[in-house]
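# Summary of structural features
One-letter residues, chain by chain:
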Amino acid sequence: MIKSRNLLMLVALLSTLSMTSCKDSESYADLLNKERQATNAYLANCRVVNEVPKDTVFEIGSDAPYYRIDPEGNVYMQVLKAGDRKTDKAKTSEKIYFRYMRYNLYYWYTYNEMIGSGNENDMNAAPTYFQYNNYTLTVSSQWGYGIQLPLTFLGVDSEVNLIIKSQYGWASEISNVQPYLYHVRYFRNQI
């Protein structure tokens, strides 16, 4: 009798909590819509190419277009420096270091302000790296799929601006459903 009463109380409490939280929070579809709006607002000020060039020869520079580099439109890449893909291609499980600065595009969309965070300018910060294309390792999967995707097309010594939607972003932040603009430089050696 006591166990069933405790069970009923637990069910009632959980039901109350779930109804309260549903009223106070947005649905996942609403969050995805806001993420799409923020991304589209940023890209509205840029040239966008909806596919990777067939020969993978990208325009390079700060005025280059953003290329949609995954079929679902979760990652867009602007190539600032291409590296040499023929002689300097990343190999599976190779340790690749990177320096980055990232900006929350939802925050920019809402408050019209770009506030960056990352290790791009702090040489005393711990080095960041992943083991290329090996998502079974936490050191790789924690950064998400999007941060590694440019190395499918570019050499290791490259530099890009990336727009990464939450599904391809940091594993710990997927549920936040917020897109980020990244400035990333890739290296073979720790710097």
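Residues numbered from 1 in each chain as written. Predicted model: local features only at pLDDT ≥ 70, side-chain atom pairs only at ≥ 80, totals over all residues. Heavy atoms only, no water.

Note on placement: Arg 99 falls in strand 4 (residues 95-104). Buried and unpaired, Arg 99 has no salt bridge, with Asp 122 as the nearest side chain of opposite charge at 6.2 Å. At 2.7 Å, the side chain of Arg 99 forms a polar contact with the backbone oxygen of Asn 119. Reaching out from Arg 99, the side chain makes a polar contact with the backbone oxygen of Asp 122 at a distance of 3.0 Å. (Helix = DSSP H or I, 4+ residues; strand = E, 2+ residues; numbered from the N terminus. Buried < 20%, exposed > 50% of the residue type's maximum accessible area, 1.4 Å probe, protein only. Lys, Arg positive; Asp, Glu negative; His and termini not counted. Salt bridge = Lys/Arg side-chain N within 4 Å of Asp/Glu carboxyl O. Polar contact = N/O pair within 3.5 Å; in protein donor to acceptor, adjacent residues only side chain to side chain.)

The subject of this paragraph is the packing of aromatic side chains. The tally for this structure, following the rule as stated, stands at 17 aromatic pairs. An angle of 80° between the planes, with centres 4.9 Å apart, marks the rings of Phe 58 and Tyr 67 as edge-to-face. Given the relative accessible area of 8%, Phe 58 is considered buried. Where Tyr 135 meets Tyr 145, the ring centres are 5.7 Å apart and the plane angle is 50°; that geometry is what we call tilted. Taken together, the residues span a long stretch of sequence, with Tyr 135 in the loop between strand 6 (128-131) and helix 4 (138-141) and Tyr 145 in the loop between helix 4 and strand 7 (159-164) at a distance of ten residues. Judged by relative accessible area, Tyr 135 falls into the partly exposed class, the value being 29%. Judged by relative accessible area, which is 37%, Tyr 145 ranks as partly exposed. Of the aromatic side chains, those joined through ring pairs into one cluster are Phe 98, Tyr 100, Phe 130, Trp 143, Trp 170, Tyr 180, Tyr 182 and Tyr 186. Sitting over the face of the ring of Tyr 129, Lys 95 holds its NZ or CZ atom 4.4 Å from the ring centroid. The side chain of Arg 102 reaches across the aromatic face of Tyr 180, ending 3.9 Å from its centre. (Phe/Tyr/Trp six-rings, centres within 6.5 Å; stacked < 30°, edge-to-face > 60°. Lys NZ or Arg CZ within 6 Å of the ring centre and 35° of its normal.)

Between side chains of opposite charge, a pair can form when the charged atoms approach closely. Within the structure shown, the criterion is met by six salt bridges. Between Asp 157 and Lys 81 there is a salt bridge; the shortest N-O distance is 3.0 Å. Taken together, the positions of Asp 157 in the loop between helix 4 and strand 7 and Lys 81 in strand 3 (residues 75-81) put the pair 76 residues apart, joining distant regions of the chain. Residue classification places Lys 81 among the partly exposed positions, given a relative accessible area of 37%. Salt-bridge contacts for Arg 102 lead to Glu 173; the nearest nitrogen and oxygen are separated by 2.7 Å.

A surface patch of nonpolar side chains, about 310 Å² in accessible area, is lined by Tyr 107, Tyr 111 and Ile 115. With respect to the secondary-structure elements, Ile 115 resides in the loop between helix 3 (105-111) and strand 5 (116-118). (Patch = residues over 30% accessible without salt bridge, like charges linked within 9 Å, V, L, I, M, F, W, Y side chains within 5 Å. Areas by Shrake-Rupley, 256 points an atom, 1.4 Å probe, with all protein chains shown as cover.)

This part is about the side chain of Asn 161. Following the sequence through the fold, Asn 161 ends up in strand 7. Judged by its relative accessible area of 15%, Asn 161 is buried. Within the structure, the side chain of Asn 161 is placed 2.8 Å from the side chain of Gln 78, a separation counted as a polar contact.

Over its 16 residues, helix 2 (residues 28-43) extends 22 Å from the first C-alpha to the last, a length consistent with the 22 Å expected when each residue adds 1.5 Å. Of the positions making up helix 2, those classed as buried are Glu 35, Ala 38, Thr 39, Tyr 42 and Leu 43. Down the axis of helix 2, the sector holding all buried residues measures 130°, keeping them to one side. The inward-facing, buried residues of helix 2 abut strand 1 (48-49), strand 2 (66-68), strand 3, helix 3, strand 7 and strand 8 (180-187). (Expected span 1.5 Å × (residues − 1). Arc of directions from axis to C-beta. Contact = heavy atoms within 4.5 Å.)

On to the confidence of the model for the protein. Looking at the protein as a whole, its pLDDT mean stands at 87, while 87% of the residues score no less than 70. With pLDDT under 50 throughout, residues 1-23 is counted as low confidence; its partners more than four residues away or in other chains account for zero contacts. (pLDDT = per-residue confidence, 0-100.)

Phi at Ser 93 takes a positive value of approximately 70°, unusual for a residue other than glycine. Following the sequence through the fold, Ser 93 ends up in the loop between strand 3 and strand 4. Given a relative accessible area of 29%, Ser 93 falls into the partly exposed group. The backbone of Val 177 sits at a positive phi, close to 50°, despite the residue not being glycine. Tracing the backbone through its elements, the reader meets Val 177 in the loop between strand 7 and strand 8. Taking the relative accessible area as the measure of exposure, Val 177 reaches 3% and is therefore buried.

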